[in-house]
Amino acid sequence: MSTSASATAPAPTRTREEFTGRWAFILAAIGSAVGLGNIWRFPYVAYENGGGAFVIPYLIALLTAGIPLLFFDYAIGHRFRGSAPLAFRRLSRWTETVGWWQVLICVVIGIYYAAIIGWAIMYTWFSVDQRWGDDPETFLMGDYLQVAEDPSPSFDFVSGVFWPMLAVWVITLLIMGFGVRRGVALASMVGIPLLIVMFLVLVGIALTLPGAAQGLDALFTPNWAALADPGVWIAAYGQIFFSLSVGFGIMITYASYLNRRTNLTGSGLVVGFSNSGFEILAGIGVFSALGFMAQASGVSVAEVAGSGIGLAFIAFPTLISQAPLGALIGVLFFGSLVVAGFTSLISILEVVISAVKDKLGWGRWTATIVVIGLSGVVSLTLFSTTTGLQMLDTMDAFANNFGIVGAALLSVLLVTGALGSARRITAHLNAVSSFKVGRGYVLLIGVLMPIVLAYIWLSWIMKVIAEGYEGYPGDFLGVFGWGIALGSVALAILLSLIPWSRKSNLYAEDLDSEIHGDLIPHNAVPEGTVPTGALPVVPAAATRKEL
Amino acid sequence: MSTAAIVMMSLAILLVWGGLAVSAVHLLRHPDDSSGDLAIEDELAPVVWEREDGRLDARHR
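Structural notes, computed from the coordinates. Just so it is clear, the structure is predicted and the values come from calculations on it, not from any experiment.

A few words now on the overall build of chain B. Assigned secondary structure in chain B consists of one helix and two strands. When each of the 61 residues of chain B is scored for burial, the buried share is 34%.

So, in structure tokens, the structure goes:
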């Protein structure tokens, strides 16, 4: 029994980057999970789907889907110690495609996410003198974004969008080039406390506005009949799923940077509840503000409630102009969007950088410069023009509803179904974690998750096939919706066919490094086998029975 | 605010932030080294790995 890699394989020469400890990882994971969706999506989804009664399906979805999927991603990344393609390659040579699909989804999301952060930077500045005047909608579409009526791509660049976007890419390049500890983790260790403080002050101010109670009343008054509507439950599962950054490689990548001995499930619970904790806070802040706006305009909360870009860049500017301390509210609100957006963007791009590093064996700066450089050029070309908004809207819808849901569905089906590896996942989690998972967990990820994800995925696809999307022309959707969505799958298959060279991290990264200390014997790889990154994942009692 | 809205808001805060507090305390009480079936104290646990053919192999330390 040898403790070295296969006799023919060269000796590993690299060690994997690592977080300094579990709290650095937890903050980075929270930084990833807490993003724009927490602030501008959750409040409206809750309001639309039963108000106060939504708490029940929401919590059930968190416990039965969000946290189990978080554990699933952690287990794959931690046990197989690689970026999404490498981790899935070590799981089975047939599953590498899933990892590349997740990487390509991150490429698509990364290039448009930077645009929204760029807008938020400008709106933080516009808040000071309320540049939008009396008509924020006309200002956004006309003066600021200069949206063209025809969505076909144009090369009319908008300087007010181009320069802040360029700044976003340069800052991201500098942060990510410094690596996992001094870049990725540090950004969240600074960003998350800053975000929490800014948002708490914002909520504090919003709660004192006249009409705030009216807004909270609208958000939290329970509509119990909604619980009988399956659509409300799907909305709860969808919100939890999209909000937690699960299913598209981020948590796999982050978990691969963890020390071999890390309490995975204990950390996952903190991340899951922190994300939801921030969503509740965002709901209180946003609806207090909307209550004020409704009262100031003499209309009902229902008439001012909204989500997404409309909420952030049209409704909020309106209330900033009306509210006392409006400029401060604006700076805090858009500043929060910028910080939450940056920590999420960094996590999205880390999936890509990590995959490129692993497959090609490149160094951190080389991979960062190439990935961010190329993404930045595409991002600026597509989204700093007069047709950026329509393209962003389309790519966002397809990347999320087709890409993320589809890739997550495929990964749970393959791992728990085709490969029958659910026991490997639970055994690994239990080998290193304090919060144990058992058969109930396997049922959740092996049965409930595929059903829920398949329903969300197929119903969205059928709806878009039947009705189109937002009235955009068919050829536009064919290229920027279906084209990119299906092209990503095809490209993922091609990328997984490229063999792993001897320089790649499949062979060149040392799984037995000193960092893992006392776990070294567990990484033993018998003669004549390739290193799979497999750990001893079976507890003593189970092992005796199995063997 | 109506009573029902106040109750549901309090419940949401209590359950989610309470869940966060409980999970944070749980994590603090379970350091990485001593967590899980392969905690450092468990010297008797066999070393187990998976061969390429998918079967498990094991030996005692």
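Back to the write-up after that little detour.
Glancing now at the overall build of chain A. Scanning chain A for helices and strands turns up 23 helices and zero strands. In terms of overall size, chain A behaves like a compact globule, its C-alpha atoms giving a radius of gyration of 23 Å where 547 residues would be expected to give roughly 24 Å. Taken over 547 residues, chain A has a buried fraction of 64%. With an accessible surface of roughly 18700 Å², chain A has 66% of that area assigned to carbon and sulfur atoms. One way to put it: in chain A the 26 positive side-chain charges average out to a point 21 Å from where the 31 negative ones average out.

All names here are of chain A. On the surface, a cluster of nonpolar side chains totalling about 460 Å² of accessible area is made up of Val 170, Leu 174, Phe 178, Trp 365 and Ile 369. Those elements giving two or more residues to the nonpolar patch turn out to be helix 8 (159–177) and helix 17 (364–383). For Leu 174, the location among the structural elements is in helix 8.

What follows covers unusual backbone geometry. Residues and elements named next belong to chain A. Not every positive phi belongs to a glycine, and Gln 146 is a case in point at roughly 50°. With respect to the helices, strands and loops of the structure, Gln 146 is situated in the loop between helix 7 (136–144) and helix 8. The exposure class assigned to Gln 146 is partly exposed, which follows from its relative accessible area of 40%. A positive phi angle, close to 60°, is found at Ser 245, a residue other than glycine. Relative to the helices and strands, Ser 245 resides in the loop between helix 11 (230–243) and helix 12 (250–255).

Attention now moves to the packing of helix 1 (residues 22–33) of chain A against helix 13 (residues 264–297) of chain A. All names here are of chain A. At a minimum axis separation of 9 Å, helix 1 and helix 13 run at an interaxial angle of 35°. The handedness of the crossing between helix 1 and helix 13 comes out as right-handed. Every residue of helix 13 that contacts helix 1 at Arg 22, Phe 25, Ile 26, Ala 29, Ile 30 and Ala 33 is listed here: Ser 267, Val 270, Val 271, Ser 274 and Asn 275. Class assignment for the residues of the contact of helix 1 with helix 13 results in seven nonpolar, three polar and one charged.

This brings us to the nonpolar core. Residues and elements named next belong to chain A. Residues Phe 19, Tyr 144, Phe 313 and Phe 383 are the most contacted members of the largest nonpolar core, which totals 196 residues. Looking at this core, the element that brings in the most residues is helix 6 (residues 96–129), giving 21 residues. Residues in contact with Phe 19, not counting those within four places in the same chain, are Ala 24, Phe 25, Ala 28, Val 180, Arg 181, Ala 185, Tyr 254, Tyr 257 and Leu 258.

Attention shifts here to the packing of aromatic side chains. Summed over the entire model, instances satisfying the criterion amount to 38 aromatic pairs over all chains. The aromatic ring of Tyr 507 of chain A is capped on one face by Arg 502 of chain A, whose charged end is 4.4 Å from the ring centroid.

Time to look at the pattern of salt bridges. Residues and elements named next belong to chain A. By the definition in use, this model includes nine salt bridges over all chains. Note that Lys 357 and Glu 17 form a salt bridge whose closest N and O atoms lie 2.6 Å from each other. Separated by 340 residues along the polypeptide, Lys 357 in helix 16 (residues 326–360) and Glu 17 in the segment before helix 1 bring together distant segments of the chain. The salt bridge partner of Glu 96 is Lys 359, with a shortest N-O separation of 2.8 Å. Of this pair, Glu 96 sits in helix 6 while Lys 359 sits in helix 16, and the two are 263 residues apart along the sequence. Relative accessible area serves as the criterion here: at 8%, Lys 359 is assigned to the buried category. Because the salt bridges share partners, they merge into one network encompassing Glu 17, Glu 350, Lys 357 and Arg 364.

Reading guide: rules and limits
- Residues numbered from 1 in each chain as written.
- Chains lettered and ligands numbered in written order.
- Predicted model: local features only at pLDDT ≥ 70, side-chain atom pairs only at ≥ 80, totals over all residues.
- Heavy atoms only, no water.
- Helix = DSSP H or I, 4+ residues; strand = E, 2+ residues; numbered from the N terminus.
- Buried < 20%, exposed > 50% of the residue type's maximum accessible area, 1.4 Å probe, protein only.
- Rg over C-alpha atoms; globule rule 2.2 N^0.38 Å.
- Areas by Shrake-Rupley, 256 points an atom, 1.4 Å probe, with all protein chains shown as cover.
- Lys, Arg positive; Asp, Glu negative; His and termini not counted.
- Charge placed at Lys NZ, Arg CZ, Asp CG, Glu CD.
- Patch = residues over 30% accessible without salt bridge, like charges linked within 9 Å, V, L, I, M, F, W, Y side chains within 5 Å.
- Salt bridge = Lys/Arg side-chain N within 4 Å of Asp/Glu carboxyl O.
- Axes fitted to C-alpha atoms, helices over the stretch in contact; angles between N-to-C directions.
- Left-handed = near helix turned anticlockwise from the far one by under 90°.
- Contact = heavy atoms within 4.5 Å.
- Nonpolar A, V, L, I, M, F, W, Y, C, P; charged D, E, K, R; others polar.
- Core = buried A, V, L, I, M, F, W, Y, C linked by side-chain atoms within 4.5 Å.
- Phe/Tyr/Trp six-rings, centres within 6.5 Å; stacked < 30°, edge-to-face > 60°.
- Lys NZ or Arg CZ within 6 Å of the ring centre and 35° of its normal.

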